[in-house]
Amino acid sequence: MIRKIFEKNLASFCKNALLMSGLSEKDAETTAEVLSQTDSIGIHSHGTKNLRLYIEKIKAGALDPKAQQKVVSAGEAFAIIDAGDGMGMVSSTAAMSKAMELAKKSGIGFVTVKNGCHFGAAGYYANMAAERGMVCLLYTSDA
């Protein structure tokens, strides 16, 4: 039997699980959106199948559900964000937003994240730029 799961229901499930794990409303919503959209475009290896892993990392103290990312250094075309060992989807969404803001002003925006974790599918963040008519290069050193 084939069963359909609608993206908004999947996102709601993920958000609720993340809220129960200690994430703020906003951070749970951001993470749930990234995971569910990743599944909806067929990249299941980096989508909601990892939700359990993230929750286990929170329980083990390897991820801080209350982390507040902050810009620790910045210039006209660059920024460094300290993710504070928080959810990679949250810091990476913030980093891409910052990179696009810088690029709009300077023509290029280079943002790096330190003390982060796995951010899911890179394509999600590339789509953020593409939807605004921008090009991006992104990478991670975290597997």
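Everything below is about the structure printed above this text.
Analysis parameters
- The numbers attached to residues start from 1 for each chain and follow its sequence in the written order.
- Predicted model: local features are reported for residues with pLDDT of at least 70 only, side-chain atom pairs are reported and counted for 80 or more only, and whole-chain, interface and lining totals are derived from all residues.
- The basis for every side-chain value is the complete set of heavy atoms in the structure, and neither hydrogens nor water enter the calculation.
- A run of DSSP states H or I qualifies as a helix once it reaches four residues; a run of E qualifies as a strand once it reaches two. Both are numbered from the N-terminal end.
- Taken over C-alpha atoms, the radius of gyration is set against a globule rule of 2.2 Å times the number of residues to the power 0.38.
- Residue exposure (1.4 Å probe, protein chains only): buried if accessible area is under 20% of the type maximum, exposed if over 50%, otherwise partly exposed.
- We get accessible surface area from the Shrake-Rupley algorithm with a probe of 1.4 Å; when it comes to residues, only the shown protein chains can shield them.
- For the purpose of counting charges, residues Lys and Arg are taken to be positive, whereas Asp and Glu are taken to be negative. His and the chain ends are not included.
- Charged side chains are reduced to one point each, which is NZ for Lys, CZ for Arg, CG for Asp and CD for Glu.
- Under the convention used throughout, the expected extent of a helix is 1.5 Å for every residue step, that is, one less than its residue count.
- Two aromatic rings from Phe, Tyr or Trp, using only the six-membered ring of Trp, form a pair when their centres are within 6.5 Å; if the ring planes differ by under 30 degrees the pair is stacked, by over 60 it is edge-to-face, and anything between is tilted.

Undergrad: Give me the lowdown on the overall build of the chain, citing residues and values where you can.
TA: A tally of helices and strands in the chain yields 5 helices and 3 strands. Taken from N to C terminus, the helices and strands of the chain fall in the order α-α-α-β-β-α-β-α. In terms of overall size, the chain behaves like a compact globule, its C-alpha atoms giving a radius of gyration of 15 Å where 143 residues would be expected to give roughly 15 Å. Along the first, second and third principal axes, the C-alpha set of the chain runs to 50 × 35 × 25 Å. Looking at the chain residue by residue over its 143 residues, the buried ones come to 39%. Accessible surface, the chain as shown: approximately 8,600 Å² in total, 54% of it carbon and sulfur. With 16 positive and 14 negative side-chain charges, the chain shows a separation of 3 Å between the mean positions of the two kinds.

Undergrad: Break down helix α4 (residues 88–106) for me, with residues and values.
TA: For α4, built from 19 residues, the straight-helix expectation of 27 Å at 1.5 Å per residue is met to within 8% by its first-to-last C-alpha distance of 26 Å. Burial in α4 covers these residues: G88, M89, V90, S91, S92, T93, A95, M96, A99, M100 and L102. Just beyond α4, the residue with positive phi is G107, at close to 95 degrees.

Undergrad: Describe the packing of aromatic side chains, naming the residues involved and giving the relevant values.
TA: Considering all chains together, one arrives at 2 aromatic pairs under this definition. Taken together, a centroid distance of 5.1 Å and an interplanar angle of 35 degrees make the contact between F119 and Y125 tilted. Like F119, the residue Y125 is buried in the burial classification. Following the ring pairs from residue to residue traces out a cluster consisting of F119, Y124 and Y125.

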